[in-house]
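Observations on the model geometry
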Amino acid sequence: IEEINYLAITDEGTDLYNQRYFYKRLNRLFSYAKKNNKPLSVVIFDIDNFKSLNDSYGHLFGDKVLREVASLLQDNIRKNDILARYGGEEFALILPKTGASIAYNIAERIRCIVNKHIFETGGGHKIKISISGGIATYPECKVSKAIELIDLADKALYKSKDDGKNMINSVR
Ligand code: C2E
Ligand code: C2E
């Protein structure tokens, strides 16, 4: 039963939580935040230029980048923070009881850590990559449903991409 449960909530490629489990936790944590008047931040990170990494160095390398980025993120957040694989090359992070400015500092810290990391390709090249991020915070964002927070974080992420990537934006 434990094994079945693990498989049900885990993303195979990265060993992080999967999207379904992320939504479940976010809904609960959002209800808690509303009820208890606590802030809650959601961060969505996306690996910049992931498709061209795959094209240049192959899918095996792409998979390795996903796993290494997942570890870098997981190793640099607290146990109470919830990190999940959100989509192809997207990661989502729930920061319970965390307001907008601290969330920004945390996301920036993570962006810099990834940006400094050296990835080794199958062909022996050493390369660097970057990630972009978008943040939405309750109650600064006056949303009534958790899913709206994700939409806003996504919008902030698009702005980071539009403004040149390798940066973090929060919705104001
Ligand atoms: P943890 O709380 O699970 O945090 C895991 C990692 O997330 C930390 O690894 C660090 O890389 C990052 N991190 C978490 N909170 C912060 C923070 O406030 N600022 C920064 N810059 N990074 C943060 P690290 O540093 O190797 O710490 C490993 C574990 O040691 C932590 O696990 C925590 O259990 C404990 N720890 C380290 N420093 C402190 C501290 O100042 N106070 C407390 N209460 N525990 C600490
Ligand atoms: P800091 O790194 O500037 O973090 C300031 C505050 O941001 C922390 O206050 C905490 O409220 C929040 N914060 C930072 N990183 C994280 C995170 O990964 N997850 C969550 N949920 N919150 C985070 P706090 O706890 O009073 O810590 C004060 C300072 O103590 C931190 O300043 C940092 O310099 C140090 N510190 C605390 N825990 C750790 C740790 O696990 N690892 C490291 N390296 N430093 C830590």
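An account of the accompanying structure is given in this report.

About the thresholds
- Residues numbered from 1 in each chain as written.
- Chains lettered and ligands numbered in written order.
- Predicted model: local features only at pLDDT ≥ 70, side-chain atom pairs only at ≥ 80, totals over all residues.
- Heavy atoms only, no water.
- Helix = DSSP H or I, 4+ residues; strand = E, 2+ residues; numbered from the N terminus.
- Rg over C-alpha atoms; globule rule 2.2 N^0.38 Å.
- Buried < 20%, exposed > 50% of the residue type's maximum accessible area, 1.4 Å probe, protein only.
- Contact = heavy atoms within 4.5 Å.
- Lys, Arg positive; Asp, Glu negative; His and termini not counted.
- Charge placed at Lys NZ, Arg CZ, Asp CG, Glu CD.
- Near = heavy atom within 4 Å.
- Polar contact = N/O pair within 3.5 Å; in protein donor to acceptor, adjacent residues only side chain to side chain.
- Areas by Shrake-Rupley, 256 points an atom, 1.4 Å probe, with all protein chains shown as cover.
- Nonpolar A, V, L, I, M, F, W, Y, C, P; charged D, E, K, R; others polar.
- Core = buried A, V, L, I, M, F, W, Y, C linked by side-chain atoms within 4.5 Å.
- Pairing = 2+ DSSP bridges.
- Axes fitted to C-alpha atoms, helices over the stretch in contact; angles between N-to-C directions.

**Quick word on the overall build of the protein chain**
Across its full length, the protein chain holds six helices and seven strands. Taken from the N to the C terminus, the helices and strands of the protein chain come in the order α-α-β-α-α-β-β-α-β-β-β-α-β. Taking 2.2 N^0.38 as the reference for a compact globule, 172 residues should give roughly 16 Å; the C-alpha atoms of the protein chain span a radius of gyration of 16 Å, in line with that estimate. Here the protein chain holds 172 residues, and 47% of them are scored as buried. Within the protein chain, counting contacts between residues at least 6 apart in sequence, those at least 24 apart form 66% of the total. The protein chain carries 26 positive and 22 negative side-chain charges, and their two centres are separated by 7 Å.

**Quick notes on the site of ligand 1**
The environment of ligand 1 is formed by Asp75, Asn76, Ile77, Arg78, Lys79 and Arg109. One of the side-chain N or O atoms of Arg78 is found 2.7 Å from an oxygen atom in ligand 1. Compared with its free state, where it exposes 780 Å², ligand 1 has 31% of that area covered by protein. For the shell around ligand 1, the residue count by class is one nonpolar, one polar and four charged.

**What about the nonpolar core?**
Among the nonpolar cores identified, the biggest contains 29 residues, and Phe45, Ile47, Val65, Val69, Phe91 and Ile129 are the most heavily contacted of them. Take this core: its biggest share by element is seven residues, from helix H4 (residues 59-74). Setting aside residues up to four positions removed in sequence, Phe45 forms contacts with Leu73, Glu89, Glu90, Phe91, Leu93, Ala107, Ile110, Ile131, Ser132, Gly133 and Ile168. One finds Phe22, Ile94, Ala136 and Ile150 within the second-largest nonpolar core, a separate group that totals 22 residues.

**Re the sheet that holds strand E2 (residues 82-85)**
Strand pairing in a sheet relies on backbone hydrogen bonds. The paired strands run either parallel or antiparallel. Across the sheet, five strands lie side by side as E2-E3-E1-E6-E7; this open sheet has mixed pairing. Bordering the open sheet on either side are E2 and strand E7 (168-170), each of which pairs with just one other strand. The sheet shows a mean angle of 15° between the axes of neighbouring strands, taken without regard to direction. Here eight bridges tie strand E1 (residues 40-47) to strand E6 (residues 131-138), and the two strands are oriented antiparallel to one another. Bridged to Leu40 within E6 is Tyr138.

**So, the site of ligand 2**
Neighbouring ligand 2 are the residues Asn76, Ile77, Arg78, Asp81, Thr98, Ile102, Ile106 and Arg109. Interatomic distance of 3.0 Å between a side-chain N/O atom of Arg78 and an oxygen atom of ligand 2. Contact with the protein chains hides 35% of the accessible area of ligand 2, taken as 780 Å² for the molecule alone. Its residues assigned to classes, the shell around ligand 2 shows three nonpolar, two polar and three charged.

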